[in-house]
Amino acid sequence: MEIFKYMETYDYEQMVICQDKQSGLKAIIVIHDTTLGPALGGTRMWTYKSEEDALEDALRLARGMTYKNAAAGLNLGGGKTVIIGDPKKDKNEEMFRAFGRYIQGLNGRYITAEDVGTTVEDMDIIYQETPFVTGVSPAFGSSGNPSPVTAYGVYRGMKAAANEAFGTDSLEGKIIAVQGVGHVAYNLCRHLHEEGAKLIVTDINKEAVDRVVGEFGATAVDPDEIYGVECDIFAPCALGAIINDQTIGQIKAKVIAGAANNQLRETRHGDAIHEMGIVYAPDYVINAGGVINVADELNGYNRDRAMKKVETIYDNIAKVIEISKRDHIPTYLAADRLAEERIERMRNSRSQFLLNERHILSSRTR
């Protein structure tokens, strides 16, 4: 990979290579864009096959966080860290303390959080070296378990998508097929049940399925059957890449709106469901409740304030749909455009401010 060429092509700002021999730390911090504010993005620890794979993942994830934070209406940019190592065997206190010092050295340009392979306990260790970390233990003033908040955001976004598809955002009586009933999806099912929706669910975890069936009167189906069930809304809340060549032909829903990340296997699958007339709520817009929640910690966490911000996911999905219709493009592209337009407005605003400042200074020196 030609790193500088790649960074220039996608407008990355900064990359920091972090190494600590004693602890075994090998980390890559990538800051993609700070136009809207400091870069916020989690720390992922993974057994990458190569250093190049780790670098590519860090670059991809950092850029994704720019779009997610911008579309969520947060005054934050996008960044990400990957740590090369086995999260089950290679962790130690010295590693995360050393990593915390690297973050502190960026002086607030990058704020980290929990991600795949890292835990609240790891964030607590980082917090010993820097305040630029979210998702720490509640004892340190964090927001706690993000699953209920993420679920509420998905619920709000689903209502916005339903409004476009059915002419009303009421989910009462709607048949909703939920794929995966983990922590986020369980809370989503609770909201849907309380509004009077009829649930069809699946998961490889039988206990999780039995819980939702027992508490919310859901109907259970086998994992392979969930795509083809008769339903109004399909809610992917487990694996990514589930909208693909094998599943698209089976989907009978008018809306796809769920918590899973990277739901489209390829962008062409987003084109396909758009052509089918399915209203798709782009994943990184609808599942932004978690990042909205942890971002509130930066102002001293207030649950009511965070939940009010999460409610705006309804408006964000509505904006995506509006852009989709305005520009005649699929919603997955409209989501990118929503983020890009917000970033561009801020860039233009800053440029104009600087021009005005220079004009004032020039006038004073005449």
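For every chain, the first residue of the written sequence is number 1, and numbering continues from 1 along that sequence. Since the coordinates come from a predicted model, pLDDT governs what is reported: local features require at least 70, and pairs of side-chain atoms require 80 or more to be given and counted, while whole-chain, interface and lining totals use all residues. Note that water and hydrogens are dropped before the side-chain values are worked out from all heavy atoms of the structure.

Colleague: Before we move on, could you go through the overall build of the chain and cite the residues and values that matter?
Modeller: Looking only at helices and strands, the chain features 13 helices and 12 strands. Restricting the calculation to C-alpha atoms gives the radius of gyration, and the globule rule supplies 2.2 Å times the number of residues raised to the power 0.38. The globule rule puts the C-alpha radius of gyration for 366 residues at 21 Å, and the 21 Å found for the chain is close to it. Across its three principal axes, the chain shows a C-alpha extent of roughly 70 × 55 × 40 Å. A simple rule labels every residue: compare its accessible area, found with a 1.4 Å probe on the protein chains alone, to the largest value its type can have, and call it buried under 20%, exposed over 50%, or partly exposed in between. Every one of the 366 residues in the chain was classed for burial, and the buried ones make up 51%. Should any heavy atoms of two residues lie within 4.5 Å, those residues are counted as being in contact. Nonlocal contacts in the chain, meaning residues at least 24 apart in sequence, comprise 64% of its contacts between residues at least 6 apart. Shrake-Rupley sampling with a 1.4 Å probe provides the accessible areas, and residues are treated as covered by the protein chains on show and by no other component. As displayed, the chain offers around 17,500 Å² of accessible surface, 48% of which is attributable to carbon and sulfur atoms. Counting rule for charge: Lys and Arg are taken as positive, Asp and Glu as negative, and neither His nor the chain ends is counted. Think of each charge as sitting on NZ of Lys, CZ of Arg, CG of Asp or CD of Glu. The positive charge centre, built from 41 side chains, and the negative charge centre, built from 52, are 5 Å apart in the chain. In DSSP terms, a helix is any run of H or I states spanning at least four residues, a strand is any run of E spanning at least two, and both are numbered starting from the N terminus.

Colleague: Explain the domain arrangement of the chain residue by residue, including any values.
Modeller: Interfaces are often sized by the amount of accessible area the parts lose when they come together. In this entry, domain limits derive from an automatic or database-based domain assignment. When its domains are assigned, the chain resolves into domain 1 (3-63 + 77-136) and domain 2 (146-288 + 317-340). Taking only C-alpha atoms into account, the centre of domain 1 sits 30 Å from that of domain 2.

Colleague: Pulling in residues and values, what's your account of the packing of aromatic side chains?
Modeller: Any pair of aromatic rings gets described here by the distance separating the centres and the angle formed by the planes. Two rings from Phe, Tyr or Trp (for Trp, the six-membered ring) form a pair when their centres sit within 6.5 Å of each other. Planes less than 30 degrees apart are called stacked, planes more than 60 degrees apart edge-to-face, and all others tilted. In the structure shown here, the tally under the stated rule is 6 aromatic pairs. Ring centres of Y227 and F234 lie 5.9 Å apart, and the angle between their planes is 65°; this geometry places the pair in the edge-to-face category. Its guanidinium or amino end placed over the ring of F166, K174 lies 4.9 Å from that ring's centre, counting from NZ or CZ. Comment: the charge-over-ring label is applied if NZ (Lys) or CZ (Arg) is within 6 Å of the ring centre and within 35 degrees of the ring normal. Across from the ring centre of Y186, 3.6 Å away, lies the NZ or CZ of R211, which sits over that ring.

Colleague: Explain the pattern of salt bridges to me, and be specific about the residues and the numbers.
Modeller: Salt bridges are identified by distance alone: a Lys or Arg side-chain nitrogen within 4 Å of an Asp or Glu carboxyl oxygen. Counting across every chain of the model gives 23 salt bridges. R268 is the salt-bridge partner of D245, the closest N and O atoms lying 2.9 Å from each other. Highlighted residues: D245 in the loop between β10 (233-236) and β11 (255-256) and R268 in helix α8 (residues 267-275), separated in sequence by 23 residues. Of the residues examined, R268 reaches a relative accessible area of 41% and is grouped as partly exposed. Several salt bridges converge on common partners, so that one network encompasses R44, D57, R60, K80 and D115.

Colleague: With reference to specific residues and values, describe the nonpolar core.
Modeller: Considering soluble globular proteins, one finds that nonpolar side chains tend to be buried as a cluster. Ranked by internal contacts, the top residues of the largest apolar core, which has 66 residues, are M158, I176, V178, L192, L199 and V201. At 9 residues, helix α5 (residues 147-166) tops the list of elements feeding residues into this core. The residue makeup of this core includes at least three contributed by each of domain 1 (3-63 + 77-136) and domain 2 (146-288 + 317-340). Leave out the neighbours within four places in its chain, and V178 touches A185, C189, L192, L199, I200, V201, T202, I226, A235 and C237. To form a nonpolar core, buried Ala, Val, Leu, Ile, Met, Phe, Trp, Tyr and Cys residues must be joined to one another through side-chain atoms within 4.5 Å. With 21 residues, the next largest nonpolar core counts L25, F96, I103 and Y110 among its residues.

Colleague: Give a description of the sheet that holds strand β7 (residues 175-179) that names residues and reports values.
Modeller: Remark on secondary structure: sheet strands pair via backbone hydrogen bonds, oriented parallel or antiparallel. Whether two strands pair depends on DSSP finding at least two bridges between them. Reading across the sheet, the 6 strands line up as β9-β8-β7-β10-β11-β12 and stay open at both edges, with parallel pairing between neighbours. What marks the edges here is a single partner per strand, and that holds for β9 (219-220) and β12 (279-280). One ladder, built from 2 bridges, connects β11 with β12; its direction is parallel. Paired with I256 across the two strands is Y280, which belongs to β12.

Colleague: Describe the pairing of strand β5 (residues 77-84), with residues and values.
Modeller: Counting buried positions over the 8 residues of β5 gives 7, a clear majority of the element. The sheet contact formed by strand β2 (residues 25-33) and β5 spans 6 bridges and is antiparallel. Residue I28 lies in a different strand from β5, and its bridge partner there is V82. Here 2 bridges tie strand β3 (residues 39-40) to β5, and the two strands are oriented parallel to one another. What sits directly across from A39, in β5, is G77. In terms of strand pairing, strand β4 (residues 43-46) meets β5 through 4 bridges, oriented parallel. Paired with W46 across the two strands is I84, which belongs to β5. For crossovers, right-handed means that the path from the first strand over the helix to the second runs clockwise, given strands pointing away from the viewer. At this point the chain moves from β4, through helix α2 (residues 51-71), to the parallel β5, and the crossover so formed is right-handed.

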